[in-house]
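# What the coordinates show
Each chain, written out:
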Amino acid sequence: REYEGRYPVEIQLHYQGSGTLLSSLTGTRTGDLILAADQSYLDLAREKDLVAEVLPLARMHPVIGVAKGNPKHIRGLDDLLRKEVRVALGSPEAASIGKQTEKLLTKTGHWARVKEAAVVFKPTVTDLANDLKIGSVDAAVVWDATANQYPEIEAVHVPAFDKATKDVLIGVLKSCKQPMAALR
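A brief structural summary. Residue positions are counted from 1 within each chain, in the order its sequence is given. Confidence filtering applies because this is a predicted model: local features only for residues at pLDDT of at least 70, side-chain atom pairs given and counted only at 80 or more, and all residues used for totals across whole chains, interfaces and linings. To obtain the side-chain values, all non-hydrogen atoms of the structure were used and water was disregarded.

Before going further, it helps to spend a moment on the overall build of the protein. Here a helix means four or more residues in a row that DSSP labels H or I, a strand means two or more in a row labelled E, and each is numbered from the N terminus. Within the protein, the secondary structure is distributed over nine helices and eight strands. Every radius of gyration here is taken over C-alpha atoms, with the globule rule written as 2.2 Å times N^0.38, N being the number of residues. Taken over C-alpha atoms, the radius of gyration comes to 17 Å for the protein, in line with the 16 Å a tight globule of 184 residues would show. Dimensions of the protein, computed from the C-alpha atoms along their principal axes, are close to 50 × 35 × 25 Å. Each residue's exposure class comes from its accessible area (1.4 Å probe, protein chains only) as a fraction of the maximum for that residue type: buried when under 20%, exposed when over 50%, partly exposed otherwise. Relative to its full complement of 184 residues, the protein shows a buried share of 45%. Residue pairs at least 24 apart in sequence account for 72% of intrachain contacts in the protein once pairs closer than 6 positions are excluded. By definition in these notes, contact holds between two residues if any of their heavy atoms fall within 4.5 Å.

Attention now goes to the sheet that holds strand S1 (residues 33-36). Any two strands are treated as partners once DSSP identifies two or more bridges connecting them. Pairing is antiparallel across the open sheet formed by three strands, whose spatial order is S1-S8-S2. At either end of the open sheet lies a strand with only one pairing partner, and these are S1 and strand S2 (51-60). In this sheet, neighbouring strand axes are inclined to one another by 20° on average, regardless of whether the strands run parallel or antiparallel. Pairing between S2 and strand S8 (residues 166-173): eight bridges, direction antiparallel. Looking at the pairing, Met 60 lines up with Lys 166 of S8. In this analysis an axis means a line fitted to C-alpha atoms, helices contributing only their contacting stretch, and an angle means the value between N-to-C directions, from 0 to 180 degrees.

So, about the nonpolar core. Membership of the largest hydrophobic core comes to 36 residues, with the highest contact counts inside it found for Ile 64, Leu 80, Val 142 and Phe 161. Among the secondary structure elements, those contributing two or more residues to this core are strand S3 (62-67), strand S4 (87-90), helix H4 (96-108), helix H5 (111-117), helix H6 (125-134), strand S6 (139-143) and strand S7 (153-156). Beyond its immediate chain neighbours, meaning those up to four positions away, Leu 80 contacts Ile 64, Ile 74, Val 87, Val 114, Ala 117 and Ala 139. Take the buried residues of types Ala, Val, Leu, Ile, Met, Phe, Trp, Tyr and Cys, join any two whose side-chain atoms come within 4.5 Å, and each joined set is a nonpolar core.

When two rings of Phe, Tyr or Trp (its six-membered ring) have centres within 6.5 Å they constitute a pair, described as stacked for plane angles under 30 degrees, edge-to-face for angles over 60, and tilted for the intermediate range. Summed over the entire model, instances satisfying the criterion amount to one aromatic pair. Residues Tyr 3 and Tyr 7 carry aromatic rings whose centres are separated by 4.6 Å and whose planes lie at 35° to one another, so their mutual orientation is tilted. A ring is scored as having a charge over it whenever the NZ atom of a lysine or the CZ atom of an arginine sits within 6 Å of its centre and within 35 degrees of its normal. If you follow Lys 99 out to its NZ or CZ, it ends over the ring of Tyr 41, 4.8 Å from the centre. The ring of Tyr 7 is capped by Arg 184, whose NZ or CZ atom sits 4.0 Å from the centre of that ring.

Glancing now at the environment of Val 54. Here Val 54 is to be found in strand S2. Sequence separation between Val 54 and Arg 1 is 53 residues, and the spatial gap between their C-alpha atoms is 23 Å. If sequence neighbours within four positions are ignored, Val 54 has contacts with Leu 42, Arg 46, Leu 169, Ile 170 and Gly 171.

What follows is about the sheet that holds S7. The five strands lie next to each other as S5-S4-S6-S3-S7, forming an open sheet whose pairing is mixed. The sheet is open, and its two borders are formed by strand S5 (118-122) and S7, each paired with just one other strand. With strand direction ignored, the average angle separating the axes of adjacent strands in the sheet is 35°. Relative to S7, S3 is paired through four bridges, and the arrangement is antiparallel. Bridge assignment links Ile 64 to a residue of S7, and that residue is Val 156. Contacting S3, S4 and S6, H4 crosses the sheet at an angle of about 110° to S6. Sitting on the sheet, H6 is in contact with S3, S4, S5, S6 and S7, with an inclination near 140° to S6.

Of note in the backbone geometry, Asn 70 takes a positive phi value of approximately 50° without being a glycine. Relative to the helices and strands, Asn 70 resides in the loop between S3 and S4. In this structure, His 73 takes a positive phi of about 55° despite not being glycine.

By the element assignment, Lys 163 lies in the loop between helix H8 (159-162) and S8. The exposed category is assigned to Lys 163, whose relative accessible area is 80%. Along the chain, Lys 163 and His 61 lie 102 residues apart, while their C-alpha atoms are 7.5 Å from each other.

In structure tokens:
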């Protein structure tokens, strides 16, 4: 909205998981920018000759998202295994947060058990946050940047996640018809 107010340009946003978005761009080869939460997707976009330039925007790390006030008293990874805790995870095939969760929980030895305990796998981190917001799940691994956007969500920091930062990168697509405006 701010950009549209400053410049005579209409922005159309398409929200999808990073993997899903990349697949779509591979087929359509249209658009100006791609914002991915995982560098591997932009590396793939480069391999597919889709991006002209990649720039860093922000840094984030995973947290356990819970309802404000943490009513289930979730403090760490082992709490995700409690029978009364409904857990949602990002799909490792579709969402950067899912891919990162699988990697980190495999290192800690929690992946197989947490995966089994999960009640749902979602294609985007936004879907996970919305499930937390409406109370359909009690916990979900989300990006701290996502949790910060929802007043209904509280972030539980996990030592195994705290050092696992991800750079948020934006790529200017080769299909971009106005690259200077896209860079702006």
